[in-house]
Amino acid sequence: MTVQIDALDRKILVALQEDASRSLEDIAKIVGSSKTPVWTRIRKMREGGVIGQHTVLLDAEALGLEACFFVLIRTSEHEAEWQNRFLRTLKERSEVMEAHRLAGDIDYILKVRVANARAYDEFYQALISEVRIYNVTALLSMEEIKSTPLLPLASVPS
């Protein structure tokens, strides 16, 4: 990390993670500072890549996306061309919420959010028509116990 984070920066980041729609004045009050230094720090952290895209968190179930699948993928293909096609396919599929390349027996894990099992099957059929995959295992999440976009800032080194 090229940007040094101190205790005040951490407080600012905590306030932003909790509610990025807060006014600069509100954030300054929360962290015990004035607006100008808070704005300067926020700008520096944006420029340094610590603060990225601002977005809104939506409720998937309220929008009818009730099924969350974790998709384990094993492949026998490891050439650059295959990987490029696979990554491009994942980026084009809005159902893919997260994708991770793993160490171990499983090559990739995807978090896929869809309306139901039929919608997952449509996603699966489209995926395997785009790229050759050795083995796919889909695990349906029965209950989301914890999900948070908040990073554990207390453990960020100063």
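Note that this is a predicted model, so its numbers are computed, not measured.

Conventions and cut-offs
Residues numbered from 1 in each chain as written. Predicted model: local features only at pLDDT ≥ 70, side-chain atom pairs only at ≥ 80, totals over all residues. Heavy atoms only, no water. Helix = DSSP H or I, 4+ residues; strand = E, 2+ residues; numbered from the N terminus. Rg over C-alpha atoms; globule rule 2.2 N^0.38 Å. Buried < 20%, exposed > 50% of the residue type's maximum accessible area, 1.4 Å probe, protein only. Contact = heavy atoms within 4.5 Å. Areas by Shrake-Rupley, 256 points an atom, 1.4 Å probe, with all protein chains shown as cover. Lys, Arg positive; Asp, Glu negative; His and termini not counted. Charge placed at Lys NZ, Arg CZ, Asp CG, Glu CD. Core = buried A, V, L, I, M, F, W, Y, C linked by side-chain atoms within 4.5 Å. Polar contact = N/O pair within 3.5 Å; in protein donor to acceptor, adjacent residues only side chain to side chain. Pairing = 2+ DSSP bridges. Salt bridge = Lys/Arg side-chain N within 4 Å of Asp/Glu carboxyl O. Arc of directions from axis to C-beta.

Draft legend 1. Looking closely at the overall build of the protein chain. Looking only at helices and strands, the protein chain has 5 helices and 4 strands in total. Counting helices and strands in the order they occur from the N terminus, the protein chain gives α-α-α-β-α-β-β-α-β. Its C-alpha atoms give the protein chain a radius of gyration of 20 Å, more than 25% over the compact-globule value 15 Å for 158 residues. Out of the 158 residues belonging to the protein chain, those deemed buried represent 27%. Long-range pairs, those at least 24 residues apart, make up 70% of the contacts in the protein chain between residues at least 6 apart in sequence. Approximately 11000 Å² of the protein chain is accessible, and the part contributed by carbon and sulfur atoms is 51%. Averaging the positions of the 20 positive and the 23 negative side-chain charges in the protein chain gives two centres separated by 7 Å.

Draft legend 2. Spatial organisation of the nonpolar core. By size, the foremost hydrophobic cluster in this structure holds 17 residues, and its most contacted members are Ile 73, Phe 86, Val 112 and Leu 127. Mapped onto this core, the elements with two or more residues apiece are β1 (67-74), α4 (80-92), β3 (108-114) and α5 (117-130). Once you skip the residues sitting within four places of it in the chain, Ile 73 turns out to touch Phe 86, Ile 106, Asp 107, Tyr 108, Leu 110, Leu 127, Ile 133, Asn 135 and Val 136. Grouped together as the second largest cluster of nonpolar side chains are 14 residues, Ile 5, Leu 13, Leu 16 and Ala 28 included.

Draft legend 3. Representation of the environment of Thr 75 in the model. By secondary structure assignment, the location of Thr 75 is in the loop between β1 and α4. Each C-alpha atom, one on Thr 75 and one on Tyr 108, is 8.6 Å from the other, the two residues being 33 residues apart in sequence. Here Thr 75 is in contact with Trp 82, Asp 107, Tyr 108, Arg 132 and Tyr 134, once residues within four sequence places are set aside. There is a polar contact of 2.9 Å between the side chain of Thr 75 and the backbone nitrogen of Glu 77.

Draft legend 4. Focus on the pairing of strand β2 (residues 96-101). Of the pairings in the sheet, the one linking β2 to β3 comprises 5 bridges and is antiparallel in character. Paired with Arg 101 across the bridge in β3 is Tyr 108. Where β2 folds back on β3, the antiparallel hairpin that results is connected by 6 residues, among which Gly 104 adopts a positive phi of roughly 115°.

Draft legend 5. Geometry of the side chain of Lys 111. Turning to its location among the elements, Lys 111 is positioned in strand β3. In this structure Lys 111 is buried but unpaired, with Glu 98 as the nearest side chain of opposite charge at 4.4 Å. Not counting residues up to four positions away in its chain, the partners in contact with Lys 111 are Cys 68, Phe 69, Phe 70, Glu 95, Val 96, Met 97, Glu 98, Glu 144 and Ser 147.

Draft legend 6. How the structure looks around helix α2 (residues 24-31). Turning to α2, its buried residues number three or more, namely Ile 27, Ala 28 and Val 31. In an axial view of α2, the angular spread of the buried residues amounts to 100°, which keeps them on one side of the axis. Each element contacted by the buried residues of α2 is listed here: α1 (7-18) and α3 (35-47).

By themselves, these figures tell us nothing about what the structure is for.
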